[in-house]
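The primary structure of each chain is shown beneath.
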Amino acid sequence: MKDDFLNDDWLTDQLTEEQLDDDNFSLSTMQLINQQGQATSWYIYAFSAAIVCSLGYLAINVLLALFTDAPIAKPAIIDMQWATIFEHIQVAPISVAVVALTFALIWSIEEFDLL
Amino acid sequence: MEANLIERVQQSGEHHAFEQLMRLNQSPIRQFLRRLLQNEHAIADDIAQETFLKAFLHIKTYRGEGKFLSWLFKIAYQLFVSHTRKKQALTNAEIEDVADAINLENQFDAQRTVKVLIKYLKPEERATLLLHFSHGLSHQEITEVMNMPLGTVKSLIRRSRLKLKTLAEQSETGANS
């Protein structure tokens, strides 16, 4: 028998199995699909990215205010005037990159089942 | 027929069309996983279900390049790899010493078939062998399923066949002594 392993036809015969036709499998899988619904929409990832970035921004400022002698960021959080923000808003390219990377990270965690 | 079903699912997420697609493809996927998981049927079927769920959710990413079954095999193999990573202990317990393994199999003489012997191959060796001989995938298709270079796939198939041959020799020697 040992030499048969080098014979393609013989090996194919040995490894070929009967069909598995099981209605229960199909039914339970369809139930699972019905429960899970459609794939997550892109705006869920965008919303998650926005939340993560906002919390990150706040956390960094708060930590800076707490652990450094230059609490410049604290008033920026608390006494923020929306009008001044929109007039003078300047988004550094690095911030855009951080938001994009956060979006990609959150998307890839679900897409590739990283968790 | 299959192309039409895929198109219906891609365009309108039609559940009935997907169910038909699943009926057409469930057997090879489940058999592949059962062999990969060494006949742990319940776990294999769980992963098969997950494969079809993932296929349904991401069917728009299937662009019709290559067989639909190969695309399903790719998802199934990724889920299998992910499962074995989570179950590191299982992988570590893999029997490396073939002679010892054969001695452990009390009924090895009676069960000296390919189905028993492939248990002793490494998962990636088992996967390439099954995809090629049991499911008729070409070397090129296996490279896409397993995300490996062509040379590695060819080498894995060759190595696993030689390993099976050696296992059979050892089992015969063991039986004669």
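The numbering scheme is per chain: residues are counted from 1 as the chain's sequence reads. Lettering of chains starts at A and numbering of ligands starts at 1, both following the order in which they are written. Local features are withheld for residues below a pLDDT of 70 in this predicted model, meaning they are given only at 70 or higher, and side-chain atom pairs are given and counted only at 80 or more; totals for whole chains, interfaces and linings count all residues. The side-chain numbers reported here are obtained from all heavy atoms of the structure, hydrogens and water having been left aside.

Visitor: Would you take a moment to explain the overall build of chain A for this structure?
Guide: Starting at the N terminus, helices and strands are each numbered in turn, a helix being any DSSP run of H or I of at least four residues and a strand any DSSP run of E of at least two. Looking only at helices and strands, one finds six helices and zero strands in chain A. Secondary structure elements in chain A, listed N-terminal to C-terminal, are α-α-α-α-α-α. Only protein chains enter the accessibility calculation, which uses a 1.4 Å probe; a residue whose area is less than 20% of its type maximum is buried, one above 50% is exposed, and one in between is partly exposed. When burial is assessed residue by residue, chain A has 17% of its 115 residues classed as buried. Under the convention used here, a 1.4 Å probe and the Shrake-Rupley method define accessible areas, while residue burial counts only the protein chains that appear. A total of about 8800 Å² of accessible surface is found on chain A, and carbon and sulfur atoms cover 64% of it.

Visitor: Explain the confidence of the model for chain B to me, please; I cannot follow it from the model alone.
Guide: Detail in the predicted coordinates should be disregarded across regions flagged by low pLDDT. Residue and element names in this part refer to chain B. The pLDDT averaged across chain B works out to 82; a share of 82% of its residues lies at or above 70. How sure the predictor is of each residue is captured by pLDDT, a score from 0 to 100. Across chain B, element-level confidence peaks in helix 9 (residues 139-146) with a mean pLDDT of 93 and bottoms out in helix 6 (residues 98-104) with 48. For this predicted complex, the interface confidence comes out at an ipTM of 0.72, alongside a pTM of 0.67.

Visitor: How should the packing of helix 2 (residues 15-36) of chain B against helix 4 (residues 68-86) of chain B be read in this particular structure?
Guide: Each pair of packed helices can be summarised by the angle the axes make with each other and by the distance between the axes. All names here are of chain B. Between helix 2 and helix 4, whose axes approach to 10 Å, the crossing angle comes to 40°. One finds that helix 2 runs oblique with respect to helix 4. Pair helix 2 / helix 4 crosses with right-handed handedness. From helix 2, L21, N25, P28, I29, F32, L33 and L36 reach across to helix 4, where they touch F68, L69, L72, F73, A76, Y77 and F80. Residues are sorted three ways: Asp, Glu, Lys and Arg are charged, Ala, Val, Leu, Ile, Met, Phe, Trp, Tyr, Cys and Pro are nonpolar, and all the rest, Gly among them, are polar. Split by residue class, the contact of helix 2 with helix 4 holds 13 nonpolar, one polar and no charged. Lines are fitted to the C-alpha atoms to define the axes, a helix being fitted only along its stretch in contact, and any angle between axes, read from their N-to-C directions, falls within 0 to 180 degrees. Angular relationships are summarised with four words: roughly parallel below 35 degrees, roughly antiparallel beyond 145, roughly perpendicular across 65 to 115, and oblique for the angles in between. Left-handed is the label given to a crossing in which the near helix is rotated counterclockwise from the far helix by less than a right angle, and right-handed is the label when the rotation is clockwise. When checking whether two residues touch, look at their non-hydrogen atoms; a contact exists if any pair is within 4.5 Å.

Visitor: Before we go on, may I ask you to explain the interface of chain B and chain A in this structure?
Guide: How big an interface is tends to be stated in terms of the accessible area lost upon association of its parts. At the junction of the two partners, chain B supplies 37 residues and chain A supplies 34 residues. Salt-bridge detection follows one rule: a side-chain nitrogen of Lys or Arg within 4 Å of a carboxyl oxygen of Asp or Glu. Close ionic contact of D23 of chain A with R23 of chain B constitutes a salt bridge, the shortest N to O distance being 2.5 Å. Secondary structure elements with two or more residues in the side of chain B that touches chain A: helix 2, helix 3 (41-57), helix 7 (114-117), helix 8 (123-134) and helix 10 (150-176) of chain B. The element that contributes the greatest number of residues to the side of chain B that touches chain A is helix 2 of chain B, accounting for 11 residues. Residues of the side of chain B that touches chain A, tallied by class, amount to 17 nonpolar, seven polar and 13 charged.

Visitor: Quick question: what am I supposed to make of the pattern of salt bridges here?
Guide: Should their charged atoms come close, side chains of opposite charge can pair. Counted by the stated rule, this structure contains 10 salt bridges over all chains. Between K165 of chain B and E169 of chain B there is a salt bridge; the shortest N-O distance is 3.4 Å. Of this pair, K165 of chain B and E169 of chain B both sit in helix 10, four residues apart, roughly one helical turn. The buried category is assigned to K165 of chain B, whose relative accessible area is 18%. In this structure E169 of chain B comes out as partly exposed when scored by relative accessible area, which is 28%. The structure contains a network of salt bridges with shared partners spanning D23 of chain A together with E19 and R23 of chain B.

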